[in-house]
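# Overview (structure and organization)
One-letter residues, chain by chain:
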Amino acid sequence: MKFVTAINKLKTNQALIVLVKSQAKSSPFLNADELKMLHEAQKDKRQHLYLNNGKQIKIVVIVSDSMSWELSEKLRKQGAKCCQILNEHKIEEVTIASFDDSLSLALAEGLVLANYQFIKYFSAPDKQANALQHVNILGNDISDKQIQYLNTVIDATYMARNLVNEPQSHLNAVQLSEAFKKIGKQAGFDVEVWNESKINAQKMGGLMAVNKGSKTPPTFNIMEYKPKQAKNKKPIVLVGKGVVYDTGGLSLKPTPMSMDHMKCDMAGAAIVVAVMHAVASLKMNLHVIGLVPATDNWIGENSYAPGDVITMYDGTTVEVLNTDAEGRLILADALHYAKKLNPELVCDFATLTGAAERAIGPYATAFMCKANDNLKNKVFESSYSVFERLVEFPLWQEYADELKSNIADMTNLGKGEGGQISAAKFLEHFTDYPWMHFDIAGPAFNHAVDAYKPKGGTGVGVRLMIDFLTQLSQK
Ligand code: BES
Ligand code: MG
Ligand code: ZN
């Protein structure tokens, strides 16, 4: 179902969200009384006004800035507020009317992202469901393309959130691969799944070690979207951490507030498949490949143990000093695989370190990169447009020195301080191409609602990457 539609005529008595400039003397959507109330509200410095004349509900949103990324974000947040009001009043359909289409689009985005629910496991999901089902944008100049883009971004964000919210009881590595195949078929991209024997035969030692204590087999997933006339000669590769649950392994995590939300540890994988879905649905002019190593990090009689030495896919030997630093082990094998693809750029997404979360909280992604300024500027531009902020950390040699082992090529454990950087240095060892690393441990999973980002999986990274790839497809 497409949530957002453009219309060019108002339906009678339909619930309405009206955007007005802060000093507006008139609006085609408000009568004299309503304008009076609007002026009163502005005196109190209110940013929105709720009106109900018994027949029709109107929410007036007051816009006081000029268009910028800051205003877009304010409007998304206003959209979330409207969503709450509309659902409280059991409104099923609403129309947004504005003096500027781009404002309507930003508000609609926030509104629909806020309307997300994960209710499939209630015995009576229908009773829990929000009333709101449809958003219209009134405007003559909005193109089908803009609407399709918005709906695709929403679908992809919902998809990533759904996968993150799915518990490991219902989503193991094999089931995750099944989901990828289904999504690939739907959107039009290829999915190849390596099973356990192929992974063993290929000697993906990082993935195999992490999976040793598991009751279910690992998978390695290769997704490819290759249009006939792609702009890029070399593929863009997206890599996602697919740890469907992270107990910490024998270096066991304590609960609560540590292990209890670790179903989110495949949020990187969710970004990759959701972005693949969007790229294929929008028929972007780009050759894009997605890689996901998937397993849980469990405890069992065969679990790998602190002190073990393992041999990675690329031949590097690693002394495992903490089995909870598992993400880097499985990602390293995927990053080594990516070398064979001769990539233009590799971007990896991972709920990799508590250190990233401690450094910047849930407000941003820890970003580290080895790519040219042109690509870097573009990704930062996208991060502001969609308001998924990035904080860059340096890839200094000292953090790699922390990983020295006296019995193997390296260890998997740096110091606690700056741990997001030593983790990235570990990964860097397995790359030989332009590379961007997104540690999303902070923003991937919310413990409370935050405007248009619900409790649980947020889908962070999805809107960022769709915007970034859209830029690349237009270059
Ligand atoms: N999945 C965790 C990181 C994480 C923490 C994700 C919080 C989301 C929220 C990762 O596998 C992990 O356990 N990292 C360890 C690494 C350490 C042992 C070097 C950590 O950060 O504590
Ligand atoms: Mg861990
Ligand atoms: Zn993990």
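In what follows, the accompanying structure is described. Since the structure is predicted, the reported quantities are computational estimates derived from the model, not experimental observations. (Residues numbered from 1 in each chain as written. Chains lettered and ligands numbered in written order. Predicted model: local features only at pLDDT ≥ 70, side-chain atom pairs only at ≥ 80, totals over all residues. Heavy atoms only, no water.)

### Looking at a nonpolar patch on the surface
A cluster of nonpolar side chains, contributed by Leu250, Leu252 and Ile299, occupies part of the molecular surface with about 260 Å² of accessible area. Here isoleucine 299 lies in the loop between strand 11 (288–297) and strand 12 (309–311). (Patch = residues over 30% accessible without salt bridge, like charges linked within 9 Å, V, L, I, M, F, W, Y side chains within 5 Å. Areas by Shrake-Rupley, 256 points an atom, 1.4 Å probe, with all protein chains shown as cover. Salt bridge = Lys/Arg side-chain N within 4 Å of Asp/Glu carboxyl O. Helix = DSSP H or I, 4+ residues; strand = E, 2+ residues; numbered from the N terminus.)

### Points about the sheet that holds strand 12
Spatially, 12-13-17 is the arrangement adopted by the three strands of the open sheet, whose pairing is mixed. Looking at the sheet topology across the chains shown, the edges are occupied by strand 12 and strand 17 (410–411). Pairing of strand 12 with strand 13 (residues 317–319) involves three bridges; the strand directions are antiparallel. Among the inter-strand pairings, threonine 311 is bridged to a residue of strand 13, identified as threonine 317. (Pairing = 2+ DSSP bridges.)

### Regarding the nonpolar core
In this structure, Leu238, Met436, Phe438 and Leu469 are the most contacted members of the largest nonpolar core, which totals 62 residues. Per-element tally for this core: the top contributor is helix 9 (residues 267–281), with 12 residues. One finds Ile289, Ile310, Met312 and Ala332 within the second-largest nonpolar core, a separate group that totals 49 residues. (Core = buried A, V, L, I, M, F, W, Y, C linked by side-chain atoms within 4.5 Å. Buried < 20%, exposed > 50% of the residue type's maximum accessible area, 1.4 Å probe, protein only.)

### A few points about the pattern of salt bridges
If charged atoms from side chains of opposite charge come close, those side chains can pair. Summed over all chains, the structure comprises 19 salt bridges. The partner of lysine 58 in a salt bridge is glutamate 34, and the shortest N-O contact between them spans 2.8 Å. Of this pair, lysine 58 sits in strand 4 (residues 57–63) while glutamate 34 sits in helix 1 (residues 32–43), and the two are 24 residues apart along the sequence. Per residue, the accessibility class of lysine 58 equals that of glutamate 34, and both read buried. Of the charged contacts in the structure, one is a salt bridge between arginine 76 and glutamate 109, with a shortest N-O distance of 2.8 Å. Placement of the pair is arginine 76 in helix 2 (residues 69–88) and glutamate 109 in helix 3 (residues 101–114), with a sequence separation of 33 residues. Given the relative accessible area of 4%, arginine 76 is considered buried. Assessed through its relative accessible area of 10%, glutamate 109 is described here as buried. Where salt bridges share partners, they join Glu73, Arg76, Glu109, Glu388 and Arg463 into one cluster.

### As for the sheet that holds strand 2 (residues 15–21)
Across the sheet, six strands lie side by side as 1-6-5-2-4-3; this open sheet has mixed pairing. At either end of the open sheet lies a strand with only one pairing partner, and these are strand 1 (4–7) and strand 3 (48–52). Sheet twist, expressed as the mean angle between neighbouring strand axes with direction ignored, is 20°. Taken strand by strand, helix 2 contacts strand 2, strand 3, strand 4 and strand 5 (93–97), and its axis lies near 160° from that of strand 4. In the packing of helix 5 (residues 144–165) onto the sheet, contacts are made with strand 1 and strand 6 (134–138), and the angle to strand 1 comes to roughly 165°. (Axes fitted to C-alpha atoms, helices over the stretch in contact; angles between N-to-C directions. Contact = heavy atoms within 4.5 Å.)

### Some thoughts on the coordination of the zinc ion (ligand 3)
Protein ligation of the zinc ion (ligand 3) involves Lys241 (NZ), Asp246 (OD), Asp265 (OD) and Glu326 (OE), the donor distances falling in the range 2.0 to 2.4 Å. One can describe the donor arrangement at the zinc ion (ligand 3) as octahedral, given that its six donor atoms subtend angles of 78 to 174° at the metal. Of note, the donors binding the zinc ion (ligand 3) are all from one chain and are spaced K-x4-D-x18-D-x60-E. The metal-metal distance between the zinc ion (ligand 3) and the magnesium ion (ligand 2) comes to 3.2 Å, with aspartate 246 coordinating both. Here glutamate 326 lies in the loop between strand 13 and helix 10 (327–339) and lysine 241 lies in the loop between strand 9 (236–240) and strand 10 (242–246), a separation of 85 residues in the sequence. Residues lysine 241 and glutamate 326 agree in their burial class; the two are buried. (Donors = N, O, S within 2.8 Å, 3.2 Å for Na, K, Ca; no water. Tetrahedral: all angles 85-135°; square planar, octahedral: opposite > 155°, others 65-115°.)

### What to know about helix 10
Taking 1.5 Å as the rise per residue, helix 10 with 13 residues should run 18 Å; its terminal C-alpha atoms sit 19 Å apart, in good agreement. Among the 13 residues that make up helix 10, 12 are buried, leaving the element largely enclosed by the rest of the structure. (Expected span 1.5 Å × (residues − 1).)

### Considering the site of ligand 1
Around ligand 1 sit 16 residues in total, of which Asp246, Lys253, Asp324, Glu326 and Gly354 are the nearest. Here an oxygen atom of ligand 1 sits 3.2 Å away from a polar atom, N or O, in the side chain of lysine 241. Contacts to ligand 1 include leucine 352, whose backbone N or O atom sits 3.4 Å from a nitrogen atom. Along the lines of polarity and charge, the residues of the shell around ligand 1 split into four nonpolar, four polar and eight charged. (Near = heavy atom within 4 Å. Polar contact = N/O pair within 3.5 Å; in protein donor to acceptor, adjacent residues only side chain to side chain. Nonpolar A, V, L, I, M, F, W, Y, C, P; charged D, E, K, R; others polar.)

By themselves, these are just geometric observations and shouldn't be taken as functional.
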